[in-house]
Amino acid sequence: MTRYAGTTNLADRLRQSVELDPDALAFVFLGDGENETGRWTYGRLDQESRAVAALLQEHGLEGERALLLLPPGLELIRTLYGCLYAGTTFVVSPIPHPRREAAVNRLLAIAADCRPRAVITTPEVKETFQARLSAIPGFENLLWLTAADVDPAAAWRPAAINGDDLVFLQYTSGSTAAPKGVMVSHRNLAANVAQTAEGMNLHRGALAVSWLPVHHDMGLVGMVFATMASRMSCVLMSPLHFIQRPVRWLKAISHYQAYLTGGPNFAYDLCVRKATPALCEGLDLSSLRVAYNGAEPLRASTLERFTERFSPLGLRPEVFYPCYGLAEATLFVGGSRWDGPPVTGTYDAAALQERRVVPIPPDQTGNGARTLVSSGRLWGQEAVIADPETGTRCEPGRIGEIWLAGPNVSRGYWELPEQNARTFGARLADDPEAGPFLRTGDLGFLEDGNLFVTGRIKDLIIIAGSNHYPQDIEQTVEEAEPSLRPGSCAAISVDVDDEERLVVLVELPRGENLAEIAKAIRSRVAAEHDLRVHDILLLRPGSLPKTTSGKIQRHACKAAYRKGQLERWEAAEKA
């Protein structure tokens, strides 16, 4: 927390960087995922940001909210920093496809909740969505701005930014309720990028490569802001270009000799499946020092597969950086040592289901063991493990809810005071002077200073009095048959005759051998978890609801299952 003492906002930090070295490389954008379509120095970023900020100030948007509907690229980057310079609170949203009703409804819900004064977008998006947004009561006179409105010669004046002013609202990915906007202040953001820099050893002159969506906190805070605050360079590509050809990520790392990159679990698994040795011939990944994995809980098998596949290209296992974060804490909470291998532990699986931590010696592992990857140590924050029912601190060896306190923790959700009191104002029943704490909703434990995340409270599947983590069942399902892919299934529980029953939803690339696949899944789940699968749905690719970072939305899956909205190859017989 000593890297930028006294800096409470990133606008000041950027201007300091420009004074230090205006010609240092700030951002590069790969328009097709491979070739540069833009390259800006810190001096150019400053000029572009000032021009956008002048436009915002001209329209009286200092202290107001602006909704950003911009595609990936340097236009979005300059608008983000323009908002910082103007003191405008921004909300970044992906541009929904006009015919995808759920995505459009989410955009409308976000707009209705944050009530922006302005929308900053492209002429094409303006034409598509202006009528829909203007139909929301109170939005008839919504201000629409595009790049054509920016005057490079316009005068900008430094905004009077207080550390407690809101810099952005980060809307959560929830699908079962109205989206909630996490209020992130300038002070929260400055603290968190400093914590990230300390935890990952980010430093001047290093370079990052990222495909992560900028409307998601991992891409926004972890890449766009943390790299600039550390006076690094950052090479960006769109998420779509990465998904289309995952080898583009690896090629960019090799070409630019990246120090830092990162993504959720599914991204590493996707590279193992799609980036074949032939496509990767000649690549050099030896420059990587930090490759963070922010999925929770983390999978040891993912790290092992990725290392095995790409170690011939110079990748070293110690570059993997398991970490833990959430939007309510701005982003980064904790991570492993940047210069050492991930910390793992093996525990009794049955005990974990009972929220007990029972280590198993390495020479005694078997079918009853489960290997967990630590999310590392906390940086500049405090964590306690609390009993979610009683609110008391858990004894060592018990799994409980992770509660957090620190300068990066948001003060709450936008205009939800009652929920904020419960979620962001928690106090320990046996130590009321401590805190207040953020209740993360995540289960885990601390061991030798390392945080292990075991699951989410509301995702637990409880059948016949036993707790089962859905991600464990999902991993078993994915391993039941060779055609099943990582990140392609969801394990949920449904109420049938007043009893919780297990339902498995699985995406398949082809509608072949369905009966055999369903049989293999049932057999494997029964053997590994002593569970009877009530229903299996074998679905077409792309059927399962996911967050923008590729994580399965189990609650949205459950809602879609109940409504019969999932597109199946064929209905599997109920047990």
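Attention here is on the structure that accompanies the text.

How each quantity is defined
Residues numbered from 1 in each chain as written. Predicted model: local features only at pLDDT ≥ 70, side-chain atom pairs only at ≥ 80, totals over all residues. Heavy atoms only, no water. Helix = DSSP H or I, 4+ residues; strand = E, 2+ residues; numbered from the N terminus. Buried < 20%, exposed > 50% of the residue type's maximum accessible area, 1.4 Å probe, protein only. Expected span 1.5 Å × (residues − 1). Arc of directions from axis to C-beta. Axes fitted to C-alpha atoms, helices over the stretch in contact; angles between N-to-C directions. Left-handed = near helix turned anticlockwise from the far one by under 90°. Contact = heavy atoms within 4.5 Å. Pairing = 2+ DSSP bridges. Right-handed = clockwise from strand over helix to strand, strands pointing away. Phe/Tyr/Trp six-rings, centres within 6.5 Å; stacked < 30°, edge-to-face > 60°. Lys NZ or Arg CZ within 6 Å of the ring centre and 35° of its normal. Salt bridge = Lys/Arg side-chain N within 4 Å of Asp/Glu carboxyl O. Core = buried A, V, L, I, M, F, W, Y, C linked by side-chain atoms within 4.5 Å.

**Regarding unusual backbone geometry**
Working step 1: Between glycine 435 and proline 436 the backbone carries a cis peptide bond, its omega angle lying at 5°.
Working step 2: By secondary structure assignment, the location of proline 436 is in the loop between α13 (417-423) and β20 (438-447).
Working step 3: Positive phi values are uncommon outside glycine, yet aspartate 530 reaches one of about 55°.
Working step 4: In this fold, aspartate 530 is placed in the loop between α15 (514-529) and β26 (533-539).
Working step 5: Under the relative-accessibility criterion, aspartate 530 is labelled exposed at 70%.

**Some thoughts on α15**
Residues spaced three or four apart along an α-helix point in a common direction, a consequence of the helix completing one turn every 3.6 residues.
Working step 1: Between its first and last C-alpha atoms α15 spans 22 Å; for 16 residues at 1.5 Å apiece the expected length is 22 Å, and the two agree.
Working step 2: Within α15, the full set of buried residues consists of Leu514, Ile517, Ala518, Ile521, Val525 and His529. Projection of α15 onto a plane perpendicular to its axis shows the buried side chains occupying an angular sector of 100°, all on one side. Summarising the geometry of α15, the exposed residues directed more than 90 degrees from the buried face are Ala515, Glu516, Lys519 and Ala527.
Working step 3: Just past α15, the residue aspartate 530 takes up positive phi, approximately 55°.

**Notes on the packing of helix α10 (residues 265-274) against helix α11 (residues 300-310)**
Working step 1: At a minimum axis separation of 9 Å, α10 and α11 run at an interaxial angle of 35°. Viewed along their axes, α10 and α11 form a crossing whose handedness is left-handed. Residues Asn265, Tyr268, Asp269, Cys271 and Val272 of α10 lie in contact with α11, whose contacting residues are Thr302, Arg305, Phe306, Arg309 and Phe310.

**Side note on the pairing of strand β12 (residues 290-293)**
Working step 1: Residues Val290 and Tyr292 point to one face of β12 and Ala291 and Asn293 to the other, with burial holding for every one of them.
Working step 2: Bridge count between strand β11 (residues 260-263) and β12: 4 bridges; the pairing is parallel. Across the sheet, the residue bridging to glycine 263 is asparagine 293, located in β12.
Working step 3: At this point the chain moves from β11, through α10, to the parallel β12, and the crossover so formed is right-handed.
Working step 4: One ladder, built from 3 bridges, connects β12 with strand β13 (residues 320-325); its direction is parallel. Pairing of alanine 291 across the sheet is with phenylalanine 320, part of β13.

**Description of the packing of aromatic side chains**
Working step 1: For the structure on display, the rule yields 19 aromatic pairs.
Working step 2: Between tyrosine 347 and phenylalanine 452 the ring centres are 5.9 Å apart and the planes differ by 75°, which places this aromatic pair in the edge-to-face class. Here the residue tyrosine 347 occupies a position in strand β15 (residues 344-348), and phenylalanine 452 occupies one in strand β21 (residues 450-456), the gap between them amounting to 105 residues. The pair tyrosine 347 / phenylalanine 452 is uniform in exposure class, with both members buried.
Working step 3: What links up through ring pairs into an aromatic cluster is the set Trp211, Phe242, Trp249, Phe266, Tyr268, Phe306, Phe310 and Phe320.
Working step 4: The ring of tyrosine 85 has arginine 15 lying over it, and the distance from NZ or CZ to the ring centre is 5.5 Å.
Working step 5: Over the face of the ring belonging to tyrosine 413 we find lysine 180, whose NZ or CZ atom lies 5.3 Å from the ring centre.

**A few points about the pattern of salt bridges**
Working step 1: Applying the stated criterion across every chain yields a total of 24 salt bridges.
Working step 2: Arginine 78 is the partner of glutamate 75 in a salt bridge, and the nearest nitrogen-oxygen pair spans 3.0 Å. Here the residue glutamate 75 and the residue arginine 78 both occupy positions in helix α3 (residues 74-86), the gap between them amounting to 3 residues, near one helical turn.
Working step 3: Given a relative accessible area of 29%, glutamate 75 falls into the partly exposed group.
Working step 4: As a salt-bridge pair, glutamate 401 and arginine 439 come within 2.6 Å of each other at their nearest N and O atoms. Remark: arginine 439 occurs in strand β20 and glutamate 401 occurs in strand β19 (residues 400-405); sequence separation between them is 38 residues.
Working step 5: A relative accessible area of 3% places glutamate 401 in the buried class.
Working step 6: One salt-bridge network, in which partners are shared between bridges, spans Arg44, Glu48, Glu75 and Arg78.

**Overview of the environment of isoleucine 243**
Working step 1: For isoleucine 243, the location among the structural elements is in helix α8 (residues 239-244).
Working step 2: Sequence spacing of isoleucine 243 and asparagine 188 is 55 residues, and the spatial spacing of their C-alpha atoms is 31 Å.
Working step 3: Leaving out residues up to four positions away in the same chain, isoleucine 243 has contacts with Phe266 and Leu270.

**Topic: the nonpolar core**
Working step 1: Counting 122 residues, the largest nonpolar core has Phe27, Leu80, Tyr81, Phe90, Phe225, Leu260 and Phe310 as its most contacted members.
Working step 2: For phenylalanine 90, the contacting residues outside a window of four places in its chain are Ala66, Leu68, Leu80, Cys83, Val167, Phe168, Leu169, Leu220 and Phe225.

**Let's talk about the pairing of β26**
Working step 1: By the criterion of burial, β26 is predominantly enclosed, with 7 of the 7 residues buried.
Working step 2: As paired elements, strand β25 (residues 499-507) and β26 share 6 bridges and run parallel to each other. Bridged to glutamate 507 within β26 is leucine 539.
Working step 3: Assessed by its sense of winding, the connection that carries the chain from β25 through α15 to β26 is right-handed.

Function cannot be inferred from these measures alone, as they are strictly geometric.
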